[in-house]
Amino acid sequence: MTLSQSPAHDPAVLRALFDAQHKASRAQIEVPLALRRDRLLRIRALLDEHGAALAQVVNADFGVRSSQLTEIADIFVLRSLLSSTLKQLPKWMKPVKVGTPLYLQPSRAFLQRQPLGVVGVVSPWNYPVQLSLGPVITALAAGNRVMLKPSELTPQTSALLATLIEKSFAPDEVCVVQGDGKLAAEFAGLPFDHLFFTGSTAVGRKVAEAAAANLTPTTLELGGKSPCIIDASCDIDKAAIKIAHGKLLNAGQTCIAPDYVLLPRGREAAFGEAFARAVATLFPTIAGNPDYAAIISPRHLERLQALLAQAEGEGARLQTVNPGAAGTGSASRQMAPVLVFDAPATSKLLNEEIFGPILPVLPYDSVDEAIRYVNARPRPLALYWFGTDTGSRDHVLANTVSGGVTVNDTLMHIAHENLPFGGVGESGWGSYHGEAGFLRLSQQKPVMAQSKWARGDLFYPPYGKRFEQVMGLLKRLI
């Protein structure tokens, strides 16, 4: 039995896997371009050969989740990331020259980009292929070894990933460990060179605490309440279909899904009608529709229903959109979209990340009031703005801080490989995608090569008249 086949919940096995990768990373500090490319191409081959099988197990784990959704939201995103990374990797790996100040000339200086060593990745269940292999791809591009701990809430997907990775990589290159929350806590406590976590803010805090014991640097891709701001200049119908798509992709189980809508007071009814038309266009039926994903588990569905019940009990008005017939089995977890109006400020819907097809609608009387509402809360992972008034747009962008922004659409900034993706404040820290991710998982080692013509001795003691003359000259020059 190999290490990767052994019971992953055994702390001794977990540590042995880490030790093997740690030893290998220290034995091979410099990882050449050819080997990095080979590892990335193995991931590409895995997706090419087994993409359909991965989509099937994702569907099985969710109960209802179409293969087309997994293809576009998981597999295609990874293919794009691989293509971009393979193309730009030679440039990213090159040392970067930096200018040398006058008083250190004629020396030269550069940044040498090196692997960190062993990167741990803890991935979530909502996009279980993309959010597992995306960080792995970035870590391998940077020359690292990788240990992946996927979610226990998608056990069939995690098991297939483990099998496919084991066939494609040696355990000291990439390995997958499977287990529950206890295993995840032990995993986060390993002395990685970097720990990459995607998940909720609450769990992210625990991961950061565990990593801090080893001074392990982290990248935390968390959640947050991402606002949609509809400007007075906006065409409601055009905005509604894009908001509905962003909200209902994966039944709202998306970290950057719109979490609430801010719109000019008096346009609530118009938005409700437009949103209902948009939903009917995208999903003519809900229950039994293979294009509309199920909520991942009965427990998660109960939480969403409890949020609605609390809001309604506090006076909120609910608008259920296209409920259709009640489903059975997995279809019973295909939760119909719900707009929530007049929710009180104390409602959990307005204070917790929703992660489901529920969308509170909040009116504002001025753009500045909308900005104040956003800024009074933890900084969001994403912000969406809709309208044609560029002055209003720029005012919102200049006066809010968020992990990312898409203007006149939702979600799309995550698909742009040259834009860093990550949060800020309670929505996370650190980013990946493109060169930003490569640098996040690399050590940019500063190197200064001294010239034989250098006169550093001019600054040596004993200090005297010559030193004062040199310093006086430099003060005039810099």
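Rules behind the numbers
Residues numbered from 1 in each chain as written. Predicted model: local features only at pLDDT ≥ 70, side-chain atom pairs only at ≥ 80, totals over all residues. Heavy atoms only, no water. Helix = DSSP H or I, 4+ residues; strand = E, 2+ residues; numbered from the N terminus. Buried < 20%, exposed > 50% of the residue type's maximum accessible area, 1.4 Å probe, protein only. Pairing = 2+ DSSP bridges. Axes fitted to C-alpha atoms, helices over the stretch in contact; angles between N-to-C directions. Right-handed = clockwise from strand over helix to strand, strands pointing away. Salt bridge = Lys/Arg side-chain N within 4 Å of Asp/Glu carboxyl O.

Trainee: What is the right way to look at unusual backbone geometry in this model?
Mentor: Residues apart from glycine generally show negative phi values, whereas peptide bonds are mostly found in trans. The residue after Gln105, namely Pro106, is reached through a cis peptide bond having omega 10°. Looking at the secondary structure, you find Pro106 in the loop between β1 (96-98) and β2 (108-115). Following Pro461, the chain continues to Pro462 via a peptide bond in cis, the omega torsion being 5°. Residue position: Pro462 is located in the loop between β18 (442-449) and α14 (465-477). With a phi close to 60°, Phe355 is a non-glycine residue in the positive phi region. Secondary-structure assignment places Phe355 in the loop between β11 (338-341) and β12 (358-364). With a relative accessible area of 21%, Phe355 lands in the partly exposed category.

Trainee: What am I meant to see in the sheet that holds strand β13 (residues 382-386) here?
Mentor: Backbone hydrogen bonds hold the strands of a sheet together, and the pairing may be parallel or antiparallel. Read across the sheet, seven strands follow the order β10-β11-β12-β9-β8-β13-β14 without closing on themselves; strand pairing throughout is mixed. In the strand order of this sheet, the two ends are held by β10 (317-320) and β14 (404-407), each with one partner. Taking each pair of neighbouring strands and ignoring which way they run, the sheet shows an average axis angle of 20°. Strand direction decides the pairing type here: strand β8 (residues 226-230) and β13, joined by three bridges, are parallel.

Trainee: Explain the pairing of strand β6 (residues 194-198) here, please?
Mentor: Here is the key point about a regular strand: its side chains alternate between the two faces of the sheet. Of all the five residues making up β6, five are buried; the element is thus mostly covered by neighbouring parts of the structure. Both faces of β6 are covered, namely the face carrying His194, Phe196 and Thr198 and the face carrying Leu195 and Phe197. Note: strand β3 (residues 118-122) against β6, four bridges, orientation parallel. Note that in β6 the partner of Val121 across the bridge is Phe196. Pairing analysis gives four bridges linking β6 to strand β7 (residues 218-221), with the strands arranged parallel. Paired with Thr198 across the bridge in β7 is Glu221. On the question of chirality, the crossover connecting β6 to the parallel β7 by way of helix α7 (residues 201-212) is right-handed.

Trainee: Even after reading the chapter, I still don't get the pattern of salt bridges, so can you show me in this structure?
Mentor: A full pass over the atoms with the stated rule returns 18 salt bridges. With a closest N to O distance of 3.0 Å, Arg39 and Glu173 form a salt bridge. Here Arg39 is found in helix α2 (residues 33-62), whereas its partner Glu173 is found in the loop between α5 (155-168) and β5 (174-176), with 134 residues between them in sequence. The exposure class of Arg39 is buried, given its relative accessible area of 2%. Between Arg265 and Asp365 there is a salt bridge, and its shortest N-O distance comes to 2.8 Å. With Arg265 in the loop between β9 (258-264) and α9 (268-282) and Asp365 in the loop between β12 and α11 (367-375), this residue pair connects regions lying 100 residues apart in the sequence. Assessed through its relative accessible area of 48%, Arg265 is described here as partly exposed.

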